[in-house]
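One letter stands for each residue in the lines below.
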Amino acid sequence: MPTSATQVFFAAVGDVHGHMNRMVNHLRHATDVFHQQFDFVLQVGDFEPHRDEADLATMAAPAKYRHLGDFDAYHRLRRGFPWPVYFIGGNHEPYGYLDTHPEGFELTRHCHYLGRVGVMDLHGLRVVGLSGVYSEEHFTKQRPPLSALGSVSNKDFTYFNERDLEQALELKHADVLLLHDWPSGVITPEDAARFEGQRRSPSYDAVGNDYARLLVDALQPKLVLCGHLHQHYAGTLQHPSGKKTEVRCLSSVEEGWSAFAYYELAGESLYTLGITD
Ligand SMILES: [Zn+2]
């Protein structure tokens, strides 16, 4: 019998901020366009899976950004994710809920948190995730225990630290790496003007953090997916080994198409699939 190359079709989604319905609607539309269902969906943090007000109270965010969002209906199985969704934590998450399982867990059907540092084999694709954002002040500190919730700032739970990074480095290699904030050095000087021309854009060479970059250089994944800035960008990093990493930075689902990307894995090769609307 002839053997055909394995084909895996998946989507990547930027910051969701509780807008799960909008995410699912947009992805459903994409499956209509592609005439194919996703094998899985990867999400880069700021997912905001709040079950209730108590979860919401454990998120670090100013009052105007505190909304319960859509997740409660998914958690109570009134709605469902049509494809398995795998997400990491960003800097706006109910860490009082997520940190009950720092190693990751299934929150509800088809909804899986990768943990502070996680690795999954998805259809032969090795997906590694690092939750949280970088802070110089917090990098060498231990995260507070869950029991400290309420007596320390919620923000103290939103950072990755040295231990997380070491744990991620020990994973040695990845096909896809999920990060919330961008790795440093992704934007080329040629793209600087276009990038900085976007609304509320930081200086192009101040974007991202060096520890995320260190992880990219060590794991040399085919693809890095990140969010956080609500800006989209596609870049390539070339490693001394000759390997290349595609870096896809996604905006937030409220901004529409620029929060989504689509990929097909055929054999060893990963292809980016375009969509026009
Ligand atoms: Zn965000």
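Details of the structure are given in the entry above.
Attention here is on the structure that accompanies the text. In this text, all values refer to a predicted model and were calculated from it rather than measured experimentally. (Residues numbered from 1 in each chain as written. Predicted model: local features only at pLDDT ≥ 70, side-chain atom pairs only at ≥ 80, totals over all residues. Heavy atoms only, no water.)

**Quick notes on the sheet that holds strand β5 (residues 111-113)**
Part 1 of the reasoning: Here seven strands make up an open sheet; going across it, the order is β4-β5-β3-β2-β1-β12-β13 and the pairing mixed. Every other strand in the sheet has two partners, leaving β4 (105-108) and β13 (269-273) as the edge strands with one partner each. Strand-to-strand, the axes of this sheet are offset by a mean angle of 25°, without reference to chain direction.
Part 2 of the reasoning: Here β4 pairs with β5 via three bridges, running antiparallel. Opposite Glu106, over in β5, you have His112 as the bridge partner.
Part 3 of the reasoning: In this fold helix α1 (residues 20-34) packs onto β1 (7-13), β2 (40-43), β3 (85-87), β12 (260-266) and β13, with an angle of close to 45° to the strand it touches most, β12. (Pairing = 2+ DSSP bridges. Helix = DSSP H or I, 4+ residues; strand = E, 2+ residues; numbered from the N terminus. Axes fitted to C-alpha atoms, helices over the stretch in contact; angles between N-to-C directions. Contact = heavy atoms within 4.5 Å.)

**Thoughts on the environment of Asn91**
Part 1 of the reasoning: Along the chain, Asn91 turns up in the loop between β3 and α4 (95-98).
Part 2 of the reasoning: Taking the relative accessible area as the measure of exposure, Asn91 reaches 15% and is therefore buried.
Part 3 of the reasoning: For the pair Asn91 and Arg79, spaced twelve residues apart in sequence, the C-alpha separation works out to 26 Å.
Part 4 of the reasoning: In this structure Asn91 touches Asp46, Ala60, Val133, Thr158, His180 and His228, once residues within four positions along its chain are discounted.
Part 5 of the reasoning: Side chain to side chain, Asn91 and His228 meet in a polar contact 3.4 Å long. (Buried < 20%, exposed > 50% of the residue type's maximum accessible area, 1.4 Å probe, protein only. Polar contact = N/O pair within 3.5 Å; in protein donor to acceptor, adjacent residues only side chain to side chain.)

**A closer look at helix α6 (residues 162-169)**
Part 1 of the reasoning: Looking only at α6, the buried set comprises Asp164, Leu165 and Ala168. Projected down its long axis, α6 carries its buried residues within an arc of 100°, all on one side.
Part 2 of the reasoning: The residue sitting at the N-terminus of α6 and contributing the capping side-chain oxygen is Asn161; that oxygen lies 3.1 Å from the backbone nitrogen of Arg163. (Arc of directions from axis to C-beta.)

**Overview of the pairing of strand β8 (residues 176-179)**
Part 1 of the reasoning: Side chains Val176 and Leu178 of β8 all project onto a buried face; the interleaved residues Leu177 and Leu179 project onto the opposite face, where all are buried too.
Part 2 of the reasoning: With four bridges joining them, strand β7 (residues 125-130) and β8 adopt parallel strand pairing. Across the sheet, residue Leu130 finds its bridge partner in β8, namely Leu179.
Part 3 of the reasoning: Across three bridges, the pairing between β8 and strand β9 (residues 223-226) is parallel. Bridge assignment links Leu178 to a residue of β9, and that residue is Leu225.

**Notes on the packing of aromatic side chains**
Part 1 of the reasoning: Following the criterion strictly, the structure yields 21 aromatic pairs and no others.
Part 2 of the reasoning: Relative to Tyr113, the ring of Phe105 has its centre 6.2 Å away and its plane inclined at 85°; by these criteria the two rings are edge-to-face.
Part 3 of the reasoning: Here Phe105 falls in the buried class, since its relative accessible area comes to 11%.
Part 4 of the reasoning: A residue is classified by how much of its surface remains accessible, and Tyr113, at 0% relative accessible area, is buried.
Part 5 of the reasoning: Ring centres 6.5 Å apart and planes at 85° place the aromatic pair Phe195 and Tyr233 in the edge-to-face group. (Phe/Tyr/Trp six-rings, centres within 6.5 Å; stacked < 30°, edge-to-face > 60°.)

**Side note on the coordination of the zinc ion**
Part 1 of the reasoning: Only Asp15 (OD), His17 (NE2), Asp46 (OD) and His230 (NE2) from the protein reach the zinc ion as donors, at distances of 2.0 to 2.6 Å.
Part 2 of the reasoning: Note that the zinc ion binds four donor atoms; their angles at the metal cover 89 to 177°, and the shape is irregular.
Part 3 of the reasoning: The sequence motif formed by the donor residues of the zinc ion is D-x1-H-x28-D-x183-H. One end of the pair, Asp46, is in the loop between β2 and α2 (53-56); the other, His230, is in the loop between β9 and β10 (233-238), and 184 residues separate them in sequence.
Part 4 of the reasoning: We classify Asp46 as buried; its relative accessible area is 1%. (Donors = N, O, S within 2.8 Å, 3.2 Å for Na, K, Ca; no water. Tetrahedral: all angles 85-135°; square planar, octahedral: opposite > 155°, others 65-115°.)

**A short note on the nonpolar core**
Part 1 of the reasoning: In this structure, Met23, Leu27, Phe38, Phe47, Phe81, Leu107 and Tyr262 are the most contacted members of the largest nonpolar core, which totals 31 residues.
Part 2 of the reasoning: With six residues, the single largest contributor to this core is α1.
Part 3 of the reasoning: If near-sequence neighbours (up to four positions away) are discounted, Leu27 is found in contact with Ala11, Val13, Phe38, Val41, Trp83, Phe260 and Tyr262. (Core = buried A, V, L, I, M, F, W, Y, C linked by side-chain atoms within 4.5 Å.)

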